[in-house]
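Observations on the three-dimensional arrangement
Residue-level listing of the chains:
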Amino acid sequence: MMVNAYPTLIRRLLLARGADPEDALELSTISHPLGKQGMLGMKEAVDWIAYASSQSWPVTIVGDYDVDGACATAILRKGLEKLLPVTSIVPNRRTEGYGLSESVAARISPETRLVITVDNGISAHDGIAAVKARSMAVIVTDHHLPGPRRPPADIIVNPNQPGCPFPWKSTCGAGVAWYLLLALHLTHPEWVGREMLEETLDLVALATVADLVPLERNNRVLVANGLRRIRSGRINPGLSGLVAFAGLELEQMREQDFAFKLGPRLNAAGRLADMQTGIRLLLSRDAENIESWSRFLETINAQRKEIQAHIEREAIQITESLQDTGDPVICVGDDGWHNGVVGIVASKLKERYQRPAFVFTSTGDMGQTAQGSGRSMDGWHLRDALALVDSRTPGLLNRFGGHAMAAGLSLPKVRFEEFRRNINAVSLEQVPGGRFQKNVWCDGPLQAAEMTLDMAKAIEQAGPWGQGFPEPLFENDFVVVTSKAIKNGHWKLLLQMEDVVSGKSASPKSPPVEAVHFLNGREVAQEPPPVGFRVRAQYRLQVNRWQGREGLQLMLEQVLPAPAPVVMPVQKSRSTDQRVTGAPPLTNGISR
């Protein structure tokens, strides 16, 4: 492996993230779903499925409309289709909202005897009660944080439920579904073979990265093995259709391609259309259908980008148009915004203003419900904050759920201002002064001899990198050799590294390196720095692959004028982006 070419640096990077440099991330080393450290309820779920199989019970899987939910649905359908009659349904994002609601329960076929949820269900009290009233058994498989009350399901499999000894709490919904198949394989290998388990690892890897769950060691094993299968050409046929439209090469696939190339294309179905299209794609082996559905998702994703860009511009205008209220949490909305993209826009606002953000639109009968999505900053648990609001003002929130960094909710639109006041009051209590900070962990400077294409490849191979296990970020001073603005105002630069000790230009043997910077609204200046200007840049080493050629490229994360002090080599440094001072004011754009 290329890692061996740079043992000191790669070992330092892995050790700084709590990983063992000698860990090969073999699939055989994952935690087991059964036993003392297994998932609570897993054995009982296997027993229920075994009984259902013996009775040929029809099964309905209730999925979710995001990548994790689609992959979980496809994994479980694929694993159960030879055991018993199985079908799936997914909520309509716009009319039904998230999870197994009463309206979703009403759509379940009356022949169904067993309902299994994937990536949802832990908060579906009313929906599960409605299913039980129709004399159907319910198994919940989920990974979201539970509320104070246990839903009335027969069995719950969720690593985050109270009393579950399974050590890896960040397993995504598709991971939990895959673990259910693994448990079936361990107890009934004649039903679910080893090949079936390995065939679905690419979907587990995609879902794990796209759902932004932390890459704890167990998740890294799942993602690494999913990527290995893809790179060897053993890929889900439907997923290969998305790969083709994304212009990716299987042997060069990286975890970032899940997040920025494949995930958005699959997600587009649930955002603007019906995620059943995405699930059919992941289950299909028909080349014509795969091409057709992949093309459809490509078109839908292009439409999603246009809608998102329009709403993002309006959200920024609204945020900046009103007088600053002093609220640390942004709450904006508009009746006409598409609810399929409010979560993405909330993420964009959070990044732009370095503050938590909620974005809402109107849904329901006569548009009387405000449905929203929130994104948080490090150190503020969003779902717990919503739970506190809910306990203090019963009835304010119709529904809510999520994680530390992301959450969804709905409330009566007429109470939108009340929610804004309450969520900001909670934030001021929990975060001193409401001053949110983004902690940026930097791996220090590189020496000129380390800034090479081989080093970039070595870092790639030392992955997977992602949420909670960040791709290495370095910091050096450079002199700008060439500078120009490219499409959408982004920057393309040629940079000459300065010596990390003396501040002078590095050895002439160290050539200038290409660098790109994508604007995020927080730059010191919108124009690229001029030629000859000294800058201090935080960057990631990347392999730029284009038309069969490879080259070294720096992906610039932050560019500032180089200060007088020179960065000294350290094993690990920490810098903090403070909240933007004089931040633009907040607003609620939802009409009354």
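For the structure itself, look to the data block above.
So, how was this worked out
- Residues numbered from 1 in each chain as written.
- Predicted model: local features only at pLDDT ≥ 70, side-chain atom pairs only at ≥ 80, totals over all residues.
- Heavy atoms only, no water.
- Salt bridge = Lys/Arg side-chain N within 4 Å of Asp/Glu carboxyl O.
- Helix = DSSP H or I, 4+ residues; strand = E, 2+ residues; numbered from the N terminus.
- Buried < 20%, exposed > 50% of the residue type's maximum accessible area, 1.4 Å probe, protein only.
- Pairing = 2+ DSSP bridges.
- Axes fitted to C-alpha atoms, helices over the stretch in contact; angles between N-to-C directions.
- Contact = heavy atoms within 4.5 Å.
- Core = buried A, V, L, I, M, F, W, Y, C linked by side-chain atoms within 4.5 Å.

**Regarding the pattern of salt bridges**
- Going through the model one piece at a time under the given rule, you end up with 29 salt bridges.
- Arg420 serves as the salt-bridge partner of Asp327, at 2.2 Å between the closest nitrogen and oxygen. Linking Asp327 in the loop between helix H13 (287–321) and strand E6 (330–333) with Arg420 in helix H16 (residues 416–430), this pair joins segments that are 93 residues apart in sequence. Residues Asp327 and Arg420 agree in their burial class; the two are buried.
- Linking Arg392 and Glu429 is a salt bridge whose minimum nitrogen-to-oxygen distance equals 2.8 Å. Of this pair, Arg392 sits in helix H15 (residues 382–392) while Glu429 sits in helix H16, and the two are 37 residues apart along the sequence.
- Shared partners join several salt bridges into a network, and the residues in it are Arg254, Glu255, Lys457, Glu460, Glu471, Arg545 and Glu550.

**Brief notes about the sheet that holds strand E13 (residues 491–497)**
- Read once around its circumference, the closed barrel built from five strands follows the order E12-E13-E14-E16-E15, with strand pairing classed as mixed. Direction aside, the axes of adjacent strands within the sheet are offset by 50° on average.
- Where strand E12 (residues 474–485) and E13 come together, seven bridges link them in antiparallel fashion. When the sheet's bridge partners are listed, Val480 is paired in E13 with Leu495.
- The strands touched by helix H17 (residues 453–461) are E12, strand E15 (534–546) and strand E16 (549–561); relative to E15, the strand with the most contacts, the crossing angle is about 75°.

**A few points about the pairing of E13**
- Burial runs high along E13: five of the seven residues are buried.
- Joining the antiparallel neighbours E12 and E13 is a turn of five residues, in which Asn488 adopts a positive phi near 65°.
- Relative to strand E14 (residues 513–517), E13 runs antiparallel, the two sharing five bridges. Its bridge partner being in E14, Lys492 is matched across the sheet by Val516.

**A word on the nonpolar core**
- Core analysis: the biggest nonpolar cluster contains 112 residues, and Trp178, Leu262, Leu266, Leu541 and Leu554 have the highest contact counts within it.
- If one sorts the elements of this core by residue count, helix H6 (residues 173–187) sits on top with 10 residues.
- Excluding its chain neighbours within four sequence positions, the residues that come into contact with Trp178 are Leu27, Ile30, Ile75, Leu197, Thr200, Leu201, Val204 and Leu222.
- If you look at the next biggest cluster of nonpolar residues, it comprises 22 residues, including Met377, Ala385, Phe416 and Ile423.

Honestly, that's just the spatial picture; any functional story needs more than this.
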